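Chain by chain, the residues:
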Amino acid sequence: MPATLPLDLPALLAARERIRDAILRTVQWQNDPLSEELGVPLRLKLENLQRTGSFKLRGATHKIGRLLAGEHPPTGVVAASAGNHAQGVARAAAQCGLRAVVCMPVNAPLTKIQSCRKLGADVRLVGETLEVATDEALKLAQAEGLTFLHPYDDWDVIAGQASCGLEMLEDAPDMTVAIVPLGGGGLISGIALALKLQNPAIRVIGVQTETVAPWRTFLRDGVLEEVPPGAHTIADGIKVKRPGKLTRQVIARYVDEIVTVDDNAIAEAIVTLLERTRTIGEGAGVVGLAALMQKKIALRPDDRVVVVISGGNVDMTLVGRSIDYGLASSGRLMCVAVTISDAPGQLLAVLKTVADLGMNVRHVEHRRGELHVPVGMTEVILQMETRDFEHQDELRVHFAQQGLRVRNLLGG
């Protein structure tokens, strides 16, 4: 590791000035009920409200601006991305009248693909992983004379992302902990530099997904963990298997801790963010909130925490699945199979019990003739909205008193 890094505080401040007019200074939102629930004064840095819906616009805008101000400005740029970096590059290039080609995995979220095209980028869908898309982008750069824009392993990109950290400290000068999503490392590197160069006492904590966590042991032994083939996560924005070489230098020096969360925790965090802020966070964007909710981070009673919600570009189908999971995990969605006599009036009696308890039925399904259902009986699948797990227990008690066999289908 070099004795000094090429970015100091004046360099970060200068980078922020260069992109000031092209980005939004996003809100740092405080919610007292959520702070009380999590037991710590908490602010959310809502980068999901950034133009293009992600922090990536900061780094892409700064990098393209620096290239155009150089001696040999590019005639076009090419990038590889699961979506957010691609959108940042597409918008930044469009603002300058510059050609932009973006290579994306074929399974990239549809909303991100469409957004890139609307911004005028030439979208190429290549392979099933970001690594394959990156290899294709590098080939295109050589074949078509384009300048490759790395999504995170570039000092100009890191300096652009640092503008987020500068805003965080200006809006919360008493902050003691910053919790940041961690993929390739560009965002956390920029934020860590912006914070630590001004207040080294601030703890900077990175959050990865449990299944794609190459940084898991990095702070302990300097080794990047190999990600197994086919690893899946709903946090596609940080599904990075090749962390940066430059970002390693910053993370090793300035990041204090790295933790992981699983997809179930991420889904719960998506729902919590939606309920508390009325804004959408993508899987990668809410991992910091998920880590807090899962108590993965040890906090002191006097800590003041800022969590970065790094992006909000998510397919609506995933939002729907996440909402249902979040409702089920908090006791507000119940699904049971009830075996009743296959005779007139029996279903009505079951539904009356549900209604008398103030539950709302979302779905009803009959199952007859299946091997686990006795002849002359029918199994009714009921999906209901409930208040909490105690409310659900009330229904089970009533069914038991009526001699009905109940099978739980959602847990809880």
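Quantities reported herein were computed from a predicted structural model and do not represent experimental measurements.

## What about the pairing of strand E10 (residues 305-309)?
Here is step 1: Counted residue by residue, E10 has five buried out of five residues, so it is predominantly covered.
Here is step 2: Residues of E10 alternate between two faces, with Val305, Val307 and Ile309 on one and Val306 and Val308 on the opposite face, all of them buried.
Here is step 3: Where strand E2 (residues 42-46) lies against E10, five bridges are found, and the strand directions are parallel. Bridge pairing links Leu46 to Ile309 in E10.
Here is step 4: Sheet topology note: the strand E7 (residues 177-181)/E10 ladder contains three bridges and is parallel. Along E10, the bridge assignment pairs Ile179 with Val307.

## Some details on the pairing of strand E8 (residues 203-209)
Here is step 1: Burial of E8 is extensive: seven of the seven residues sit out of reach of the surface.
Here is step 2: The alternating pattern of E8 places Arg203, Ile205, Val207 and Thr209 on one face and Val204, Gly206 and Gln208 on the opposite face, and all of these are buried.
Here is step 3: Relative to E8, E7 is paired through five bridges, and the arrangement is parallel. Among the inter-strand pairings, Ile179 is bridged to a residue of E8, identified as Ile205.
Here is step 4: Assessed by its sense of winding, the connection that carries the chain from E7 through helix H8 (residues 186-196) to E8 is right-handed.

## As for unusual backbone geometry
Here is step 1: A positive phi is found at Arg278, a non-glycine position, where the angle reads about 60 degrees.
Here is step 2: Positionally, Arg278 belongs in the loop between helix H11 (263-277) and helix H12 (287-293).
Here is step 3: Even without being a glycine, Lys295 presents a positive backbone phi close to 55 degrees.
Here is step 4: Looking at the secondary structure, you find Lys295 in the loop between H12 and E10.

## Considering the sheet that holds strand E14 (residues 405-408)
Here is step 1: Taken in spatial order, the four strands make up an open sheet running E12-E13-E11-E14, and their pairing is antiparallel. The sheet is open, and its two edges are formed by strand E12 (360-367) and E14, each paired on a single side. On average, each strand axis in the sheet is tilted by 25 degrees relative to the strand beside it, whichever way the strands run.
Here is step 2: One ladder, built from seven bridges, connects E12 with strand E13 (residues 377-385); its direction is antiparallel. Bridge pairing in E13 places Val361 opposite Met384.
Here is step 3: Sitting on the sheet, helix H14 (residues 346-356) touches strand E11 (333-341), E12 and E13, and the angle it makes with E13 is about 25 degrees.
Here is step 4: Each of E11, E13 and E14 is contacted by helix H15 (residues 389-401), which is oriented at about 5 degrees to E11, the strand it contacts most.

## Overview of the UniProt feature "domain: Tryptophan synthase beta chain-like PALP" (unreviewed entry) in the protein
Here is step 1: As annotated in UniProt, the feature "domain: Tryptophan synthase beta chain-like PALP" (unreviewed entry) corresponds to residues 21-311 in the numbering used here.
Here is step 2: Taken end to end, residues 21-311 is 42% helix and 16% strand, and its two terminal C-alpha atoms sit 20 Å from one another.

## What about the packing of aromatic side chains?
Here is step 1: Taken as a whole, this structure holds one aromatic pair when the rule is applied.
Here is step 2: When the ring of Trp215 is compared with that of Phe218, the centres are 5.1 Å apart and the planes differ by 90 degrees; the resulting orientation is edge-to-face. Exposure class is identical for Trp215 and Phe218. Each is buried.

How each quantity is defined
Residues numbered from 1 in each chain as written. Predicted model: local features only at pLDDT ≥ 70, side-chain atom pairs only at ≥ 80, totals over all residues. Heavy atoms only, no water. Buried < 20%, exposed > 50% of the residue type's maximum accessible area, 1.4 Å probe, protein only. Helix = DSSP H or I, 4+ residues; strand = E, 2+ residues; numbered from the N terminus. Pairing = 2+ DSSP bridges. Right-handed = clockwise from strand over helix to strand, strands pointing away. Axes fitted to C-alpha atoms, helices over the stretch in contact; angles between N-to-C directions. Contact = heavy atoms within 4.5 Å. UniProt positions renumbered as here; feature names shortened; annotations may be inferred. Phe/Tyr/Trp six-rings, centres within 6.5 Å; stacked < 30°, edge-to-face > 60°.

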